[in-house]
Amino acid sequence: MEHDQRRAQLEALYTTHGTVVRRYLRRRTDPATADDLLSEVFVVVWTRLERIPPDPLPWLLACARNVLAHSRRSEQRRAALIDRLHATQTPARERDEGGGKLGEALAALGERDREALLLIAWEGLSPEQAATTLGCSRRALAMRLHRARKRLDVALHAVDHMAPPKPIEACND
């Protein structure tokens, strides 16, 4: 593929899906980091342009998810080094996924549950797209969502009653 065609394809993907990918990242990290990670996502897109599937959004969100995970691992290594140097710093906590009771309930969930729920509810993906983004089958996603919704209900109930949430069993789905 010619350089100008590649560039046009990349620009079209960015124009069509860049806002959704940025929004996905901004819900999971601070705005400046989200913008940096968005750039990294589209660097990956440039290197793999020939392999972008016909429905690119799930692939782009999976790519963003991987870039974010890599960034978090890097940040964790950096934080561990600072901890060793200063012995007073605590590791950064994941950002709250929302405000108020819902935010508290979501924070009580495991990462897998939160991600499955948020891809559908906040990112507006179809179950097929969310399954592709998470790298699982549609059936596995349906089971994961069912369990995540049950755990969210328990966590919301606990938040409403101002009692600490009951331990939420993790499953290996």
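Placed above this text is the structure.
This text gives an overview of the structure that appears in the document. (Residues numbered from 1 in each chain as written. Predicted model: local features only at pLDDT ≥ 70, side-chain atom pairs only at ≥ 80, totals over all residues. Heavy atoms only, no water.)

As a further point, take the overall build of the protein. Helices and strands together make up the secondary structure of the protein, namely 7 helices and 0 strands. The order of α-helices and β-strands along the protein, N terminus first, is α-α-α-α-α-α-α. Looking at the protein residue by residue over its 173 residues, the buried ones come to 35%. In the protein, the proportion of contacts linking residues at least 24 apart, taken out of those at least 6 apart, comes to 58%. In the form shown here, the protein has an accessible surface area of approximately 10700 Å², with 53% of it arising from carbon and sulfur atoms. (Helix = DSSP H or I, 4+ residues; strand = E, 2+ residues; numbered from the N terminus. Buried < 20%, exposed > 50% of the residue type's maximum accessible area, 1.4 Å probe, protein only. Contact = heavy atoms within 4.5 Å. Areas by Shrake-Rupley, 256 points an atom, 1.4 Å probe, with all protein chains shown as cover.)

Axis separation between helix 5 (residues 111-121) and helix 6 (residues 127-134) bottoms out at 9 Å; the angle between their running directions is 140°. When the axes of helix 5 and helix 6 are compared, the pair comes out oblique. Judged by the sense of rotation from one axis to the other, the crossing of helix 5 with helix 6 is right-handed. Along the contact surface, helix 5 presents E115, A116, L119 and I120, while helix 6 presents P127, A130, T133 and L134. Taken together, the residues of the contact of helix 5 with helix 6 sort by class into 6 nonpolar, 1 polar and 1 charged. (Axes fitted to C-alpha atoms, helices over the stretch in contact; angles between N-to-C directions. Parallel < 35°, antiparallel > 145°, perpendicular 65-115°, else oblique. Left-handed = near helix turned anticlockwise from the far one by under 90°. Nonpolar A, V, L, I, M, F, W, Y, C, P; charged D, E, K, R; others polar.)

With that settled, the discussion passes to the pattern of salt bridges. Evaluated as defined, the whole model comprises 10 salt bridges. Between R7 and E11 there is a salt bridge whose closest N-O contact spans 2.9 Å. Residue R7 and its partner E11 are both found in helix 1 (residues 3-26); the two are separated by 4 residues, about one turn of the helix. Here E128 and R138 are joined by a salt bridge, their closest N and O atoms 3.2 Å apart. Here the residue E128 occupies a position in helix 6, and R138 occupies one in helix 7 (residues 138-160), the gap between them amounting to 10 residues. We classify R138 as partly exposed; its relative accessible area is 40%. (Salt bridge = Lys/Arg side-chain N within 4 Å of Asp/Glu carboxyl O.)

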